[in-house]
4 protein chains.
Amino acid sequence: MATSTSSERDTRELLVELLRVFYGKGWVSGTGGGISGPADDGGLLLAPTGVHKERIQPDEFFTVDPADGSIRTRPADPALRPSECNSIFCLAVRERAATSVVHSHALSAVLAGDLAAAASSDHVAIRDLEMLKGIRGVGNRDTHLLPVIRNTPRESELVEQLTGVLADPRFASSFAVIVADHGAYIWGADVWEAKRHTEVYHFLFEAVVARRDRADRRRDQP
Amino acid sequence: MATSTSSERDTRELLVELLRVFYGKGWVSGTGGGISGPADDGGLLLAPTGVHKERIQPDEFFTVDPADGSIRTRPADPALRPSECNSIFCLAVRERAATSVVHSHALSAVLAGDLAAAASSDHVAIRDLEMLKGIRGVGNRDTHLLPVIRNTPRESELVEQLTGVLADPRFASSFAVIVADHGAYIWGADVWEAKRHTEVYHFLFEAVVARRDRADRRRDQP
Amino acid sequence: MATSTSSERDTRELLVELLRVFYGKGWVSGTGGGISGPADDGGLLLAPTGVHKERIQPDEFFTVDPADGSIRTRPADPALRPSECNSIFCLAVRERAATSVVHSHALSAVLAGDLAAAASSDHVAIRDLEMLKGIRGVGNRDTHLLPVIRNTPRESELVEQLTGVLADPRFASSFAVIVADHGAYIWGADVWEAKRHTEVYHFLFEAVVARRDRADRRRDQP
Amino acid sequence: MATSTSSERDTRELLVELLRVFYGKGWVSGTGGGISGPADDGGLLLAPTGVHKERIQPDEFFTVDPADGSIRTRPADPALRPSECNSIFCLAVRERAATSVVHSHALSAVLAGDLAAAASSDHVAIRDLEMLKGIRGVGNRDTHLLPVIRNTPRESELVEQLTGVLADPRFASSFAVIVADHGAYIWGADVWEAKRHTEVYHFLFEAVVARRDRADRRRDQP
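In this report, the structure presented in the accompanying data block is examined. Every value quoted in this text rests on a predicted model; they were computed, and no experiment measured them.

### Description of the pairing of strand S5 (residues 100-104) of chain C
Side-chain direction in a regular strand flips from residue to residue, so the side chains alternate between the two faces of the sheet.
Residues and elements named next belong to chain C.
Thinking step 1. Counting buried positions along S5 gives 5 out of 5 residues, so the element sits mostly inside the fold.
Thinking step 2. Residues Ser 100, Val 102 and Ser 104 point to one face of S5 and Val 101 and His 103 to the other, with burial holding for every one of them.
Thinking step 3. Inspection of the sheet shows strand S1 (residues 34-38) paired to S5 by 3 bridges, in the antiparallel sense. Bridge assignment links Ile 35 to a residue of S5, and that residue is Val 102.

### Structural notes on the relation of the copies chain B and chain C
What relates the pair of chain copies is a rotation about an axis plus a shift along that axis.
Thinking step 1. Take chain B, turn it by 90 degrees, move it 0.0 Å along the axis, and it overlays chain C with an RMSD of 0.0 Å. When the rotation and shift are considered jointly, the pair of chain copies conforms to a four-fold rotation axis.
Thinking step 2. An asymmetric contact is evident, with only 6% of the interface residues of chain B recurring at the interface of chain C.

### Structural notes on the relation of the copies chain D and chain A
Thinking step 1. Between the two copies, chain D and chain A, the superposition gives an RMSD of 0.0 Å; the rotation angle is 90 degrees and the shift along the axis is 0.0 Å.
Thinking step 2. A share of only 6% of interface residues in chain D that are also interface residues in chain A marks the association as one of differing surfaces.

### Some words on the pairing of strand S9 (residues 183-188) of chain A
All names here are of chain A.
Thinking step 1. Of all 6 residues that make up S9, 6 are buried, and the element is covered over most of its length.
Thinking step 2. What you see with S9 is no split at all: Gly 183, Tyr 185 and Trp 187 on one side and Ala 184, Ile 186 and Gly 188 on the other are buried throughout.
Thinking step 3. Both strand S5 (residues 100-104) and S9 contribute to a ladder of 5 bridges, which runs antiparallel. In the strand pairing of S9, Val 101 is matched with Trp 187.
Thinking step 4. Bridge analysis of strand S8 (residues 176-179) against S9 gives 4 bridges, and the strand direction is antiparallel. Considered in S9, the bridge of Val 177 is made with Tyr 185.
Thinking step 5. In textbook terms, the turn of a hairpin is the stretch between consecutive antiparallel strands, and for S8 and S9 this stretch comprises 3 residues, one of which, Asp 181, has a positive phi near 65 degrees.

### Thoughts on helix H4 (residues 155-167) of chain A
Residues and elements named next belong to chain A.
Thinking step 1. Here H4 spans 19 Å end to end across 13 residues, near enough to the 18 Å set by a 1.5 Å rise per residue.
Thinking step 2. Buried residues of H4: Leu 158, Gln 161, Leu 162, Val 165 and Leu 166, and no others. The buried residues of H4 occupy one face: seen down the axis, they fall within an arc of 135 degrees. Opposite its buried face, H4 presents the exposed residues Glu 160 and Ala 167, each directed more than 90 degrees away.
Thinking step 3. Where the residues of H4 are buried, they touch helix H2 (86-96), strand S7 (144-149), S8 and S9.

### So, the packing of aromatic side chains
The geometry of an aromatic ring pair is captured by the separation of the ring centres together with the interplanar angle, meaning the angle of the planes.
Thinking step 1. Under the counting rule described, the total for this entry stands at 12 aromatic pairs over all chains.
Thinking step 2. Taken together, a centroid distance of 5.4 Å and an interplanar angle of 45 degrees make the contact between Phe22(C) and Trp27(C) tilted. Grouping residues by exposure puts Phe22(C) and Trp27(C) together as buried.
Thinking step 3. Between Tyr201(D) and Phe205(D), the ring centres sit 6.4 Å apart and the planes meet at 35 degrees, which makes this aromatic pair tilted. Residue Tyr201(D) and its partner Phe205(D) are both found in helix H5 (residues 191-219); the two are separated by 4 residues, about one turn of the helix.
Thinking step 4. Here Tyr201(D) falls in the buried class, since its relative accessible area comes to 0%.

### Focus: the interface of chain B and chain C
Thinking step 1. Counting residues at the interface gives 32 residues for chain B, matched by 29 residues for chain C.
Thinking step 2. Summed over the shared surface of chain B and chain C, the number is 7 salt bridges.
Thinking step 3. A salt bridge links Lys195(C) to Glu54(B); the shortest N-O distance between them is 2.6 Å.
Thinking step 4. Counting residues per element, the ones that place at least two in the side of chain B that touches chain C are helix H3 (107-118) and helix H5 (191-219) of chain B.
Thinking step 5. Among the elements that line the side of chain B that touches chain C, the one with the most residues is H3(B), at 6 residues.

### Some thoughts on the interface of chain D and chain A
Thinking step 1. At the junction of the two partners, chain D supplies 32 residues and chain A supplies 29 residues.
Thinking step 2. Interface area, chain D with chain A, both sides summed: about 2800 Å², of which 50% is carbon and sulfur.
Thinking step 3. For the chain D face of the interface with chain A, the top three residues by lost area are His52(D), Arg55(D) and Leu107(D), together amounting to 22%.
Thinking step 4. Inspection of the chain D/chain A interface yields 7 salt bridges.
Thinking step 5. Arg217(A) is the partner of Asp213(D) in a salt bridge, and the nearest nitrogen-oxygen pair spans 2.9 Å.

### What to know about the sheet that holds S7(A)
Residue and element names in this part refer to chain A.
Thinking step 1. Strand order in the open sheet formed by 9 strands is S4-S3-S2-S1-S5-S9-S8-S7-S6, with mixed pairing between adjacent strands. Two strands in the sheet have a free side with no partner beyond their single neighbour: strand S4 (71-73) and strand S6 (123-126). Shown here is a sheet whose adjacent strand axes are inclined to one another by a mean of 25 degrees, direction ignored.
Thinking step 2. Pairing between S6 and S7: 4 bridges, direction antiparallel. The partner of Val 124 across the bridge, within S7, is Leu 146.
Thinking step 3. This element, helix H1 (residues 8-25), spans strand S1 (34-38), strand S2 (44-46), strand S3 (62-64) and S5 of the sheet and lies at about 160 degrees to S1.
Thinking step 4. Relative to S2, H2 is tilted by about 155 degrees, and along the sheet it contacts S1, S2, S3, S5 and S9.

### Remarks on helix H5 (residues 191-219) of chain C
Thinking step 1. In this model, H5(C) (29 residues) spans 42 Å end to end at C-alpha, consistent with the 42 Å of a helix rising 1.5 Å per residue.
Thinking step 2. Burial runs high along H5(C): 22 of the 29 residues are buried.

Thresholds applied
- Residues numbered from 1 in each chain as written.
- Chains lettered and ligands numbered in written order.
- Predicted model: local features only at pLDDT ≥ 70, side-chain atom pairs only at ≥ 80, totals over all residues.
- Heavy atoms only, no water.
- Buried < 20%, exposed > 50% of the residue type's maximum accessible area, 1.4 Å probe, protein only.
- Helix = DSSP H or I, 4+ residues; strand = E, 2+ residues; numbered from the N terminus.
- Pairing = 2+ DSSP bridges.
- Least-squares fit on C-alpha atoms with pLDDT ≥ 70 in both.
- Contact = heavy atoms within 4.5 Å.
- Expected span 1.5 Å × (residues − 1).
- Arc of directions from axis to C-beta.
- Phe/Tyr/Trp six-rings, centres within 6.5 Å; stacked < 30°, edge-to-face > 60°.
- Salt bridge = Lys/Arg side-chain N within 4 Å of Asp/Glu carboxyl O.
- Buried area = accessible area lost by both parts, 1.4 Å probe.
- Axes fitted to C-alpha atoms, helices over the stretch in contact; angles between N-to-C directions.

Below, the structure is given as structure tokens:
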């Protein structure tokens, strides 16, 4: 088991493999969703947009400068364009010392975001789940606040909201943000932590939705 | 990552692979469901009927003339007959400039169609989902109307209804039609777009059903 | 695509492969569930009992005489014993001209059986589903009656009930029986038809359960 | 089909394979969950903690003394630490003559544990399911009591509770314990029995949750 990636070549192959795994789980589909990871030069490997993510090849990533999102290198295929999530990815990288960010289009993320909307809240509170320990720095006795931001047609407005969330002390322990009606961004210090956080948060999305459904069902009862 | 198919041989192999993927997701099963794609001569590659779709081989497709559905070439096995969806596929190809049509037997398509029946409506309205952007020409602020037609024992009656739907301006942006109690037809300009639309629409089917269930559950509450 | 099996060797390999597919779908698990198919000598290939079905090898089947269930040949491993479903399998083979029977331990079969129990009925009525056409001789306008028998600690009592069901004209078109709290037996004229029927009936199990849940949820509403 | 493992090398490979299977089913994820099995020297093979379990290699297990959990051998990678479940695993091995213990992080285990909490009970009663026969010594007419213990931040408190459960005659026939909000520990006399029990108990978790949901839904009805 490789727990660390020793080179950009390994990172590219791991990102490609994870996209296949996430496609199998329904977290990326319909060309939606994506992943980024560290390039050897300090840049960010970024998947192209509008492509079937489970079919990306290791040499098809862009590298961008996380300081401003500018493109450093591009894949050979001139038809490929960098992911629209570029600014979001770079923001998480800069503000949270992440080197890898996953963009999920999972239905469970959307349904978890619906819980916040139903409660007119800007977050989902997660508690009483051992799986919380899978998030760095979080314990299973903690109530973990997961921020939910509005979906917008323009990426710039997402960046603005995410900037606010990342500065909000209530969300200091979060490695993810739900975008309502859309999905989630989940990050980690390296690709392996981003993978772990991605699996953990999807478990948490499913758990809070299932428990909420159950609570609603039981509340109906006389 | 091949984003375009360069020859009919590639298309045949891609169609075969997608049938395996769709079988794994439960969108084709029990010999139900299917796929078609472009032949090099302008015809339509059509899977045979009554066979286990995830096991079709590249040389087992028919080619038909999309103008009238007449058979141009047949696979070597004389026992194979062309898909019963032939006229439907050809209709979508002619009326919407599609070259690839997927026929889904997914339960989520049936359950989404039930929502229209429950509301005595001829469509399902889909909104507030980023995944809508995965449909060509549709934005995430749009309300997307997905037509639902009645299931009929005779294919000719399906064709008649679909003809009406394709001429209906309310459904001009739709690349799919749900057949109640049955499944869905989903198309695209090429096989890759048909794949993307297939994944997007199945996400949308699942999302509207889950949200409707949740709304029904909460409406029970005092 | 092989639509017919040309020899017992092929049949054994197909049975082994289908057990892996069914394990992946959760229809056989925990050593429960199984499959049988035709041997070249007119006997029935029968999986051993108490083993992890997705790991069976082609040379590990028994062959039994469907007339009385007596063992004709056994696998080399003396620890293996024939499936406890032997008499049930042989009964379906004799009474319905089946040569292949699948025994499912799917949760969806159990939940579909619960619907009959809740209605104090001995069957589940299935209608308004195109997938019904996947059952030989059944149309999508038919109401298909799927028998449900009680689970019993003794196989002989299952045989007795199944004998009654197979003689019941209401169930003449059924290629399956649900055993309440247990699962289902599903058969076909050959292995391919048994596979098709298995996929179709599991779709039907899931569909009737999902529609019943939805109806219950909506009935709550004022 | 290998029904017994003939050497520690085989056991290590089987454990590695099962972790991949369980990851695919969502029973281990996010580095949570694990498995142990018998070493040739009478010790217990133990997966490392904090790693992505589906990627463990056969040479990455620790061996520990089940008498006191002390480490006998360690994998070459000095960064690896033994699973935090060590004491729990050793306890089950000592008290129940198990040689293999699975630690599941499945959502279905958490939701089944919620049923006990909702009923202020220390167990879940499981009945009317043929799959109960997949648990050694249990019949399909039995009511099987599955103990549920509280989750705690400290492993020592889990050990204390589990000690009580294993001494409780009500739970004498159980090969599993649910840890509320966390998952389950499931064991067997050998790895194959632990695998069978793991599949059986997850079926039972899903079944009791689905039946409870259905009962809650119907209770709402006038």
